[in-house]
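Chains, contacts and geometry: an overview
Chain by chain, the residues run as shown.
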Amino acid sequence: RESFDGVSAEERKMADDEEPPMAVQIQPDIPTLSAEESSEAVSVGVTVITGYLGAGKSTLVNYILNGKHGKKIAVILNEFGEEIGVERAMINEGEGGALVEEWVELANGCICCTVKHSLVQALEQLVQRKDRLDHILLETTGLANPAPLASILWLDDQLESEVKLDCIVTVVDAKNLRFQLNERRDSSSFPEAFNQIAFADTVIMNKVDLISPEESDELEKEIHSINSLANVIRSVRCQVDLSNILDCQAYDSAHVSRLESLLEANKSLTTTDLHDSGVRTLCISEPQPINLDKVRLWLEEILWDKKLDMDVYRCKAVLNIQNSDQMHILQAVKEIYEIVPARKWSEEENRVNKIVFIGHKLDEEALKTGLRECRP
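An account of the accompanying structure is given in this report. (Residues numbered from 1 in each chain as written. Predicted model: local features only at pLDDT ≥ 70, side-chain atom pairs only at ≥ 80, totals over all residues. Heavy atoms only, no water.)

Observations regarding the environment of N244
Relative to the helices and strands, N244 resides in the loop between strand 9 (231-234) and helix 9 (257-265). Residue N244 is classed as partly exposed on the basis of its relative accessible area of 26%. Between the C-alpha atoms of N244 and C167, which are 77 residues apart in sequence, the distance is 9.9 Å. Contacts of N244, omitting those with residues within four sequence positions, involve T202, N231 and I233. (Helix = DSSP H or I, 4+ residues; strand = E, 2+ residues; numbered from the N terminus. Buried < 20%, exposed > 50% of the residue type's maximum accessible area, 1.4 Å probe, protein only. Contact = heavy atoms within 4.5 Å.)

This is the structure in structure tokens:
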């Protein structure tokens, strides 16, 4: 294959200096599950991997594909660019359409394939295989931010029973990240590095062996100033514990304990604590119960109508809804959001609304006022 992620083989080797995993055979005739078996199957988690060319995305993918982890993982190399638009991925190209460039089965049981345009159909093909998958990795190659993919995988009703968004992983180059962040810090447009960190659930700070421990600490602090909710992992050659990037359940309302601890850790965070990087994290709280309908209208004004001229990338919250003994969880990726009950409040808990926003041009006072006005 001449191109692996939109660049030539020579450029790729220079970027990652990794040999591709050893393939054992190509299987064009893929056995599929019957409709009955499919309906009984459990959803397969999808981890989206993003990052700059050279940060180590492909090193991470190769590490997983070559690893002796005993998991059956499919890796999709997604070769459509942002100019095509994710809507193109939803188009049914018909029987004559080339959905998948090639399926390659690897020696450790993993599967690797390249996809052009028809991502959703490729995912459906994967989850229909008789040899059940443990997980799917989706390496993005042309998208500056993974929000469009996240919206398709997270809340698409047609896909809900088969695949689910597990987490978004961003790989950053510790040696060059500060330069990438400073590149257009004072501009109205932001480099990809900001967007990719802002949308991440996990940030792999790769190549930490090339900088000092003090520089690593400063860099981690800067990453958290952009996205304080992200789990930051330091790595050399992307050799990470797979439990940090697989089965994270970052979008599962039932998996609420990590979100609660994150919000508790961020409860005192305000914009006044941070350098003005443009893209930042902000946490606000409200001690009184709030009205669910008012919250929805307020969020839609912010996320959909851009009424306050803020660009919100991510939003996570624990909500105390009036006349409800259930803790509600809010999650949003760009314009897509959901509010769902997660569990019962315990008697001794302090029922406080805590909301974390990650975005650009966040107005702390306006957000505090808006949340306060959601009281009954």
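What to know about the pairing of strand 12 (residues 326-333)
Counting buried residues in strand 12 gives seven out of eight residues, a clear majority hidden from the surface. Two elements, strand 11 (residues 311-320) and strand 12, share seven bridges in a ladder whose sense is antiparallel. Within the sheet, the bridge partner assigned to C315 lies in strand 12 and is A332. Where strand 11 hands over to strand 12, the hairpin turn is made up of five residues, of which N323 adopts a positive phi near 60°. One ladder, built from eight bridges, connects strand 12 with strand 13 (residues 336-344); its direction is antiparallel. (Pairing = 2+ DSSP bridges.)

Section: the nonpolar core
The tendency in soluble globular proteins is for nonpolar side chains to be buried side by side. In this structure, L60, I136 and I245 are the most contacted members of the largest nonpolar core, which totals 75 residues. No other element matches the seven residues that strand 7 (residues 163-173) contributes to this core. Two domains each put at least three residues into this core: domain 1 (44-79 + 101-244) and domain 2 (256-374). I284, I321, Y337 and L367 belong to the second-largest nonpolar core, a separate cluster that totals 24 residues. (Core = buried A, V, L, I, M, F, W, Y, C linked by side-chain atoms within 4.5 Å. Domains from an automatic or database assignment.)

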